[in-house]
Amino acid sequence: MAARTLTVSTDDAVACRLDRFLLDALPGWSRRLIRRLIAEGAVRVNGRRAAKGMHLAAGDRVTLPDLPDGVQPEPNLELPVVYADDALVVLDKPGGVPSHALDPRERGTAAGFVLARYPEVAGGG
């Protein structure tokens, strides 16, 4: 997986913890995901594993995995479509199939199936 590197500016470094810096720098990412990545050791500061409460200084280089933004299409997933028209899609989603990913690395979601089958919904929320 590719990595993304962010450099802490002088303005960012003023009393800035790692988790807060990442939340501000990556607005599409959840607090939960950032905490999970830090706990897994996927976030590095100046090449070293970091703790979420670590304080950053100007010039620090924060490296983390480059995760996809948003829902990823699931073309190989099959779910029964009960009804579909121009405005509505009704699925018979079996238990155990997540509706949407809580982590961008998660696959096999109903949202991914819908996006693969109906790409025109990509701009929706």
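Residues numbered from 1 in each chain as written. Predicted model: local features only at pLDDT ≥ 70, side-chain atom pairs only at ≥ 80, totals over all residues. Heavy atoms only, no water.

K.L.:
Looking at this structure, I do not really get the overall build of the chain. What am I missing?
P.N.:
Looking only at helices and strands, the chain features three helices and six strands. From first element to last, N terminus to C terminus, the chain shows the α and β order β-α-α-β-β-β-β-β-α. In terms of C-alpha radius of gyration, the chain reaches 18 Å, well past the compact-globule figure of 14 Å for 125 residues. Principal axes of the C-alpha set define a box for the chain whose edges measure 55 × 25 × 20 Å. Across the 125 residues in the chain, those meeting the buried criterion constitute 30%. Contacts in the chain between residues at least 24 apart in sequence constitute 56% of all its contacts with a sequence separation of at least 6. As displayed, the chain has an accessible area near 7,700 Å², and 51% of this comes from carbon and sulfur atoms. (Helix = DSSP H or I, 4+ residues; strand = E, 2+ residues; numbered from the N terminus. Rg over C-alpha atoms; globule rule 2.2 N^0.38 Å. Buried < 20%, exposed > 50% of the residue type's maximum accessible area, 1.4 Å probe, protein only. Contact = heavy atoms within 4.5 Å. Areas by Shrake-Rupley, 256 points an atom, 1.4 Å probe, with all protein chains shown as cover.)

K.L.:
Sorry if this is basic, but what is going on with helix H3 (residues 110-117) here?
P.N.:
Given 3.6 residues to a turn, an α-helix orients residues that are three or four positions apart in the same direction. Listed in full, the buried residues belonging to H3 are Ala-110, Gly-112, Phe-113, Val-114 and Leu-115. Check the buried side of H3 and you find it contacts strand S5 (81-84) and strand S6 (89-91).

K.L.:
Sorry if this is basic, but what is going on with the pattern of salt bridges here?
P.N.:
With the rule as written, the count across this model stands at three salt bridges. Arg-17 serves as the salt-bridge partner of Asp-19, at 2.8 Å between the closest nitrogen and oxygen. Asp-19 gets classed as buried once you look at its relative accessible area, which sits at 8%. The exposure class assigned to Arg-17 is partly exposed, which follows from its relative accessible area of 34%. (Salt bridge = Lys/Arg side-chain N within 4 Å of Asp/Glu carboxyl O.)

K.L.:
I keep staring at the side chain of Asp-60 and nothing clicks. Help me out?
P.N.:
By the secondary structure assignment, Asp-60 is in the loop between strand S3 (48-49) and strand S4 (61-65). Among the polar contacts made by the side chain of Asp-60, one reaches the side chain of Asn-46 at a distance of 2.9 Å. Apart from the residues lying within four places of it in its own chain, the contact partners of Asp-60 are Leu-6, Thr-7, Val-8, Val-45 and Asn-46. (Polar contact = N/O pair within 3.5 Å; in protein donor to acceptor, adjacent residues only side chain to side chain.)

K.L.:
Explain a nonpolar patch on the surface here, please?
P.N.:
A cluster of nonpolar residues, Val-82, Tyr-83, Leu-88 and Val-90, forms a patch on the protein surface that exposes about 350 Å² of accessible area. Secondary-structure assignment places Val-90 in strand S6. The exposure class of Val-90 is partly exposed, given its relative accessible area of 31%. (Patch = residues over 30% accessible without salt bridge, like charges linked within 9 Å, V, L, I, M, F, W, Y side chains within 5 Å.)

K.L.:
What is the right way to look at the sheet that holds strand S2 (residues 44-45) in this model?
P.N.:
Either a parallel or an antiparallel arrangement is found when strands of a sheet pair, and the pairing is made through backbone hydrogen bonds. Here we have four strands laid out as an open sheet, ordered S1-S4-S2-S3, and antiparallel in their pairing. With partners counted over all chains shown, the strands left at the sheet margins are strand S1 (3-7) and S3, one partner each. Of the strand pairs in this sheet, S2 and S4 are connected by two bridges, and their pairing is antiparallel. Residue pairing across strands places Arg-44 opposite Thr-63, the latter belonging to S4. (Pairing = 2+ DSSP bridges.)

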